[in-house]
Amino acid sequence: MKVEVDPRRRPTIIGLLVILAILAAAGPFLASNRYAIQVATLILLFAYLASGWNILSGYGGQFSFGHAAFFGLGAYTSTILFVKFGVSPWVGMLAAGLVSALLGLFIGLACFRSGLRGAYFALATLAFAEILRVIFVNWDWVGRSQGLLIQLVGDEPLLFQFTARLPYYYIALALLALVSGVALLLERLKLGYELRAIKSNEVAAAVLGVDVFRAKMWAMGLSAFFTGIGGTFYAQYLYYIEPFQVFGVGMSVDILLPAIIGGAGTVIGPIIGAAILVLLGEGTRTFFRGFAGADLMVFGVILVLVILFMPYGVMGLLGSAPKAKKESA
Amino acid sequence: MVDWQTVAQSVAGGLLLGGVYALVALGLNLIFGVMKVINFAHGTFMMLGMYASYWLFTLYGIDPYPGILLVAPLFLLLGVLVERVVVSRILDAPEHDQLLVTLGVSLFLQNLALALFKADPRSIRPLYADWSFSVGGVVLSAPRLGAFLAALALAGLFFWLLRSTDLGKAMRAAAEEREGAILVGIDVRLIYALAFGIGTALVAVAGSIVLPFFTVSPSVGETFLLMAFITVVLGGLGSFPGALIGGLLIGLVEGLGALLPGSLRQLPVFILFVLSLLVRPQGLLGSRQ
Amino acid sequence: MAFLVVEGVRKRFGGLVAVDDVSFEVAAGEIVGLIGPNGAGKTTLFNLISGLYRPDGGRILLDGRRIDGLPPYERCRLGLGRTFQIVQPFADLTTLQNVMLGAFNQVRSEAQAARIGWDILVRVGLADKADWPAAWLTLGDRKRLEVARALATGPRLLMLDEVMAGLTPREVDDTLVLLRELRDSGITLLVIEHVMRAVMSLCDRVVVLHHGQKIADGTPVEVASFPQVIEAYLGEETEIA
């Protein structure tokens, strides 16, 4: 057999390695400028989150507008464990992933068993994120709408705290590498094939032997797991979480936009998308200082334009999209 | 312990608001039914409708109810515009693209409102703000009652439109069988634009009638969209009578929830939503495939 | 016991009875045609057999085992393959990957699935387009891909829904050759077809549906002369390709 299963695969791996290498090398240089490294870390974090979202929504086609539910739950899980019980946030991070995964499975059970798809599924995920927000806003033990503060303990690597910014950058980079690796692996596994088939045509997939429910649940669990871990990172990075921020629609949107802009269902897309959006966001915020929401307005316009004119995102422009050949009958 | 009087009061108030939820859900169903598009900007248009009424009242002293005569046509136009410029281009696109486009529109409009009007909640005090009627021992506030009656009237108007007018029939034809509708000479593009426009106008008017007793802020649209969605899930996807029943049910449950402290008010509705998904996914009046 | 047994199957949608007490059998190794005017209920019947609809009554047995309560994917794993009238390849995947999805019913690893997929692509004549994005394929190729995908699942009964529709006469001939090869390799075929010349030359038996009811069941020659069948098709445009 002399044919590659997917000719896009090798360029993707090379591209990913190159990007990761550049990012790794750039660390010390960025560190010399506090603003630069913070922006860069943010890019890495959202690239990571978007990649996690991608597993369920980009590859699996089940668009979630409520990933903030997993993000926020993850953030709160590790923070509660640390602040109330003194558990190291590294352990808490794992717990965060698992708790979020459980939530994901619950939501999946409620939605997938009832055949909720497309827009209805998206709205349902939105509803779940809202439910969590309402719960946490009214919960005394976790600080209600004031949220939780993580006490500064200085340089304590074992407690996931650093006085310098650079370690956070590399942790985010490691997380990004991890989830990108998972995505690459997924493309080779039966589950990856099933998800992409489901995205295209669920009914055809079912008739070809795919247990659609099971595949979706796996995707949901994995996606929620990684997103929850991202929540922990966020909490440890900013030392403060509150319900409106971590469970809000804005966060759900911030998580999914990079994948859409960069190219849903690709490995590199979320990374490119995150870079574009974070930089654009910073630029807009600086330029339109004083106009709350200006950056989201710009994002809204960009989202519409991207879907209308390049629905496969930036990666689509770079040849990753299944465009119809001009000569096809 | 809470006495039945308070409970009845809460329930009544909730039911009245439920009429508005039903109206919002109807608009959502219309757009979805005719064009198969879930309009994420639906709630945003309601919010804008509220702001429109707010400014009409604050700047020109026009009460929201007569203001409907201005708001409805304005938002009909806006809806048609949005449909022509954006939505019509993605009618044949994969569903997730449609979702994202309307999300984009919603993001843009909501944050436009944020930029223009700021985040501070605003409310109006019309003439009848404190009026109330006693019905069987339960006190109903005039603004809520008015909204309920107006919602009923509009729902009735909407049904009349669908059943008895040529436009309504054309819409139903286009909804059921697009190719057939085209063959029969129905200008489907016009129908779509009008369906979107009417759905938008309906929800903007829902905003107008809700303003007398509801504060407006840029994020209020999200709340209503969520409620409309839960209504639709509860009542059955695609079912118009289901939207009505669902809306009233949600209103009732929310009314009961109002007896709870703080913003836990919304929690019973959410629990009902999750239960509904788990136990009866097709909704009350929907049908299982 | 026949390989596929459809017994008293009924399905209604609201007020419309789409399939009305239909019974027939398909023996192992047979090629059976399912024909009838548009709206006769053929695709509905396919949907019932493959598990996309639940019957309101009746039973369906595959190789002696009752399948009418099973979800589609389980029926596939029991050896039931099915293609659709409106072909839609998985656009995010290449031609080979499309077929590999089916192959994952038989194997676990990508490499094994690729091997099976490749062999099938060679068999249906799509090997030269194996690494193309599936969206690039012509209609004729997509139809072949549709069959290839179902083949990759290792079916014992293959249900084909209008696999010849829209094909040129030459393509129809090629497909006939392929289908006969499939039968010779041990696969039982149940085909919905409007292309009458294909039905006549390919099928061992023909089942005729009209308004959801079975009105004839016999060899192509027998069935073609049934008055009810002729009447059902009067006014119907059938492709004598």
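What this report covers is the structure whose coordinates are included nearby. (Residues numbered from 1 in each chain as written. Chains lettered and ligands numbered in written order. Predicted model: local features only at pLDDT ≥ 70, side-chain atom pairs only at ≥ 80, totals over all residues.)

## Things to note about the sheet that holds strand β10 (residues 213-218) of chain C
In sheet architecture, strand pairing relies on hydrogen bonds along the backbone and comes in two forms, parallel and antiparallel. Residues and elements named next belong to chain C. Strand order across the open sheet formed by six strands is β6-β7-β8-β3-β9-β10, with mixed pairing between neighbours. A strand with exactly one partner marks an edge of an open sheet, and here the two such strands are β6 (80-82) and β10. The sheet shows a mean angle of 15° between the axes of neighbouring strands, direction not considered. Pairing of strand β3 (residues 31-35) with strand β9 (residues 205-210), which is carried by four bridges, proceeds in the parallel orientation. What sits directly across from L34, in β9, is V207. (Pairing = 2+ DSSP bridges. Helix = DSSP H or I, 4+ residues; strand = E, 2+ residues; numbered from the N terminus. Axes fitted to C-alpha atoms, helices over the stretch in contact; angles between N-to-C directions.)

## Some points on the nonpolar core
In terms of nonpolar packing, the biggest core is built from 306 residues, with A127 of chain A together with V24, A195 and A206 of chain B touching the most fellow members. With 18 residues, helix α1 (residues 4-35) of chain B is the largest single contributor of residues to this core. Composition of this core by domain shows at least three residues from each of domain 1 (1-79 + 155-241) and domain 2 (88-154) of chain C. Ignoring any residue separated from it by four or fewer positions in sequence, one finds A206 of chain B in contact with V20, L23, V24, M46 and A151 of chain B. (Core = buried A, V, L, I, M, F, W, Y, C linked by C-beta atoms within 7 Å. Buried ≥ 20, exposed ≤ 12 C-beta atoms within 10 Å, placed from the backbone. Domains from an automatic or database assignment. Contact = placed C-beta atoms within 7 Å.)

## Let's talk about the interface of chain A and chain C
Size of an interface, as often reported, equals the accessible area lost when the parts are brought together. The interface of chain A with chain C comprises 28 residues on the first partner and 37 residues on the second. If you list the elements that add at least two residues to the side of chain A that touches chain C, you get α7 (190-200) and α8 (202-207) of chain A. Of the residues forming the side of chain A that touches chain C, the biggest block, six residues, is contributed by α7 of chain A. Residues that form the side of chain A that touches chain C fall into these classes: 15 nonpolar, five polar and eight charged. (Nonpolar A, V, L, I, M, F, W, Y, C, P; charged D, E, K, R; others polar.)

## Some remarks on the sheet that holds strand β5 (residues 65-66) of chain C
All names here are of chain C. In space, the four strands of this open sheet follow the order β2-β1-β4-β5, with antiparallel pairing throughout. Two strands lie at the open edges of the sheet, namely β2 (16-26) and β5, each paired on one side alone. Bridge count between strand β4 (residues 57-62) and β5: two bridges; the pairing is antiparallel. Within β5, the position partnered with L62 by the bridge is R65. Each of β1 (4-13), β2 and β4 is contacted by helix α1 (residues 42-50), which is oriented at about 65° to β2, the strand it contacts most.

## A word on helix α4 (residues 110-124) of chain C
Under the 1.5 Å per step criterion, the end-to-end length of α4 of chain C is 21 Å for 15 residues, consistent within 8% with the ideal 21 Å. Among all positions in α4 of chain C, only E110, A113, A114, I116, G117, W118, I120, L121 and V124 of chain C are buried. Against α6 (166-188) of chain A together with α3 (95-103), α5 (139-152) and α6 (169-184) of chain C lie the buried residues of α4 of chain C. Following α4 of chain C by one or two positions, G125 of chain C adopts a phi angle in the positive range, close to 85°. (Expected span 1.5 Å × (residues − 1).)

## Section: the interface of chain A and chain B
Contacts between chain A and chain B engage 36 residues on the former and 37 residues on the latter. Put simply, the parts of the chain that give the side of chain A that touches chain B at least two residues each are α4 (89-112), α5 (118-137), α11 (249-262) and α13 (294-309) of chain A. The class makeup of the residues in the side of chain A that touches chain B is 28 nonpolar, seven polar and one charged.

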